[in-house]
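Residues per chain are reported as follows:
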Amino acid sequence: MAGRGSWGIPTVADRIAQEVARRYLEPVLEPVFHADSYGYRPGKSAVDAVYQARQRCWRYDWVLDLDIKGFFDSIDWELLLKAVRHHTDCPWVLLYIERWLKAPMQMEDGSIVPRMAGTPQGGVISPLLANLFLHYAFDRWVVRTFPHIPFERYADDAICHCKSADEARALWGAIADRFAACKLVLHPQKTKIVYCKDVNRRCNFPDIHFDFLGFKFRARKIMWVKPDRRIFAHSFQPAASPKALTRISCEIRGWALHHRSDKSLTELAQMYNPCIRGWISYYGHFYKTQLRPTLKRIDAYVIRWARRKFKRLRHQTKGARDWFDRLCRTNPTLFAHWALCHGNSRTSGAV
């Protein structure tokens, strides 16, 4: 039996073996997967899925936002193994995948917990197997049953685009039945029908926004910059979601940057810039100005750091603020977010 670490994390030996199996299966499965399946696939990303969703929200008035309840813990082993056998008859691959799926979990206290379904989320091969399961449970079924309805799926996070509310309701019921046959359940509260309302679409509907891959889609004011003028309008657009911004704020607070008086400001920037660049690189693809208030929280911690570090600023609130303003002017690239938050760059809602 394949060994497992605590909380479902594979042992080092298992991770190596799973990587070998993944490299064997991925070239076989990649040509089969649907073009609008984006999760954990070479050459595809979450940003690609968001771009595609944005384009389709402009063309389709309605979205069915799907949420699969406990997906990774609910995958039926026999259905999954049937899908694997459809693409390979390699004995060692089939043997080890079955062992990995059915291996119990060892908890931190040493107790062994049996598992009856699902794939361990810490497994190297789990994303590939999850994609394979949903390829048959969802992707191919939608193409066969509702060929006119486009969708984007990233692992178990999926949205479908519909022309009308009635079409979305019919699709919801059909997907619920399909998932029931595959031993999956749609979350009754989190699955919802959304009206993609903007200035050109008139309708009273309770849900006019949805979250997808860390972005909230809703009607937003945008600015188009022309050579001779600026044009303001409203459009259904993604931007970093409140949940994502809250997570970023919590991480910034966890840095406790203001307590690091043992470090120089340059050292602090080197420590945290990779993380800041990552946030800007991902969420900055759409409506990047939405990031500014959250990232400016870092500046408040830098000012508190300065007041602890330098005695002359300890009791000078305005003096510390003036120090920070001079720092931004003389070192505008010291922290990765300063160009966005304090530079002169403008971001159109069209990007």
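Here the residue numbers are simple positions, counted from 1 along each chain's written sequence. Per-residue local features are limited, in this predicted model, to residues with pLDDT of at least 70; the limit for side-chain atom pairs, both in listing and counting, is 80 or more; totals at the level of whole chains, interfaces and linings are taken over all residues. Side-chain measures were taken over the full set of non-hydrogen atoms in the model, leaving aside hydrogen atoms and water.

**Description of the pattern of salt bridges**
Put simply, the rule is: Within this document, salt bridges are pairs made up of a side-chain nitrogen of Lys or Arg and a carboxyl oxygen of Asp or Glu, the two lying within 4 Å of each other. Runs of E in the DSSP output that reach at least two residues are strands. Runs of H or I that reach at least four are helices, and both are numbered from the N terminus. Using a 1.4 Å probe on the protein chains alone, a residue whose accessible area is under 20% of its type maximum counts as buried, one over 50% counts as exposed, and one in between counts as partly exposed.
For the coordinates displayed, the defined rule picks out 15 salt bridges. The residue R56 makes a salt bridge to D36 at a minimum N-O spacing of 3.0 Å. Note that R56 is positioned in helix α2 (residues 46–59) and D36 in the loop between α1 (12–29) and α2, a separation of 20 residues in sequence. The pair formed by R56 and D36 is uniform in burial state, with each residue classed as buried. Between K183 and D76 there is a salt bridge, with its nearest N and O atoms 3.3 Å apart.

**Concerning a positive patch on the surface**
Counted only if it meets this: Patch building starts from residues that exceed 30% relative accessible area and form no salt bridge, then joins like charges within 9 Å and nonpolar side chains (Val, Leu, Ile, Met, Phe, Trp, Tyr) within 5 Å. Each accessible area value is a Shrake-Rupley result obtained with a 1.4 Å probe; residue values ignore everything except the protein chains displayed when judging cover. Residues scored as charged are limited to Lys and Arg (positive) and Asp and Glu (negative), so that His and the chain ends carry no count. The location of each charge is read from NZ of Lys, CZ of Arg, CG of Asp or CD of Glu.
A cluster of basic residues, R304, R308, K311 and R314, forms a positive patch at the surface. Relative to the helices and strands, R308 is located in helix α10 (residues 292–309). Here R308 falls in the partly exposed class, since its relative accessible area comes to 44%.

**So, the sheet that holds strand β6 (residues 192–195)**
Quick note on the threshold: We treat two strands as partners when DSSP finds at least two bridges between them. Comment: axis = line fitted to C-alpha atoms, over the contacting stretch for helices; angle = value between 0 and 180 degrees taken between N-to-C directions.
The strand order across the open sheet built from 4 strands is β4-β5-β1-β6, with neighbouring strands paired in antiparallel fashion. The open sheet is flanked by β4 (151–154) and β6, the only strands paired with a single partner. Geometrically, the sheet is characterised by an average inter-axis angle of 20 degrees between neighbouring strands, direction not taken into account. One ladder, built from 6 bridges, connects strand β1 (residues 62–67) with strand β5 (residues 157–162); its direction is antiparallel. Paired with D67 across the two strands is D157, which belongs to β5.

**Re the confidence of the model for the protein chain**
So the rule is basically this: A residue's pLDDT is simply how confident the predictor is in it, with values from 0 to 100. Contacts are assigned to residue pairs that have any heavy atoms within 4.5 Å of one another.
Of the residues in the protein chain, 92% reach a pLDDT of 70 or more, and the chain-wide mean stands at 90. Scored below 50 in pLDDT, residues 1–7 makes 28 contacts in the model with residues more than four places away or belonging to other chains. Contacts for the low-pLDDT stretch residues 345–351, under 50 throughout, to residues beyond four places or in other chains number 18 contacts.

**A look at the environment of D67**
Relative to the helices and strands, D67 is located in strand β1. As a C-alpha pair, D67 and H187 span 120 residues in sequence and 5.5 Å in three-dimensional space. In this structure, D67 is in contact with V185, L186, H187, K190 and T191, ignoring residues within four places of it in sequence.

**A few points about the nonpolar core**
Burial of nonpolar side chains together is a common tendency in soluble globular proteins. Convention followed: By convention a nonpolar core is built from buried Ala, Val, Leu, Ile, Met, Phe, Trp, Tyr and Cys residues, the set being connected through side-chain atoms within 4.5 Å.
Counting 54 residues, the largest nonpolar core has F210, F212, F217, L265, L291, W323 and F335 as the members making the most contacts within it. With 51 residues, the next largest nonpolar core counts L66, C90, I97 and I149 among its residues.

**Some thoughts on the packing of aromatic side chains**
Inclusion rule: The criterion for an aromatic pair is that two Phe, Tyr or Trp rings (for Trp, the six-membered ring) have centres within 6.5 Å, with stacked assigned to planes under 30 degrees apart, edge-to-face to planes over 60 apart and tilted to the rest. Over a ring means this: the NZ of a Lys or the CZ of an Arg is within 6 Å of the ring centre and within 35 degrees of the ring normal.
Enumeration over the complete set of coordinates arrives at 24 aromatic pairs. Ring geometry for W62 and Y195: centres 4.7 Å apart, planes at 50 degrees, overall tilted. Of the two residues, W62 sits in strand β1 while Y195 sits in strand β6, which places them 133 residues apart along the sequence. In this pair, the class of W62 matches that of Y195, namely buried. Consider the rings of F210 and F217, whose centres lie 4.7 Å apart with planes at 5 degrees: the pair is stacked. The exposure classification of F210 matches that of F217, with both residues buried. Note that R99 overlies the ring of Y96, its terminal NZ or CZ placed 5.7 Å from the centroid. The ring of Y60 carries K163 above its face, with NZ or CZ at 4.3 Å from the centroid.

**Some points on unusual backbone geometry**
As a rule of thumb, non-glycine residues mostly have phi less than zero, and peptide bonds are mostly trans rather than cis. A positive phi is found at A155, a non-glycine position, where the angle reads about 55 degrees. Even without a glycine there, the phi angle at K183 is positive, about 65 degrees. Exposure remark for K183: the relative accessible area of 52% places this residue in the exposed category.

**Some details on helix α7 (residues 165–181)**
This is how the line gets drawn: For a helix, the expected span equals 1.5 Å multiplied by the residue count minus one.
Across its 17 residues, α7 extends 25 Å between first and last C-alpha, which sits within 8% of the 24 Å expected from 1.5 Å per residue. Within α7, the full set of buried residues consists of A165, E167, A168, L171, A174, I175 and F179. Where α7 is buried, its residues contact β1, α6 (126–145), β5 and β6. At the exit of α7 stands K183, carrying a positive phi of roughly 65 degrees.

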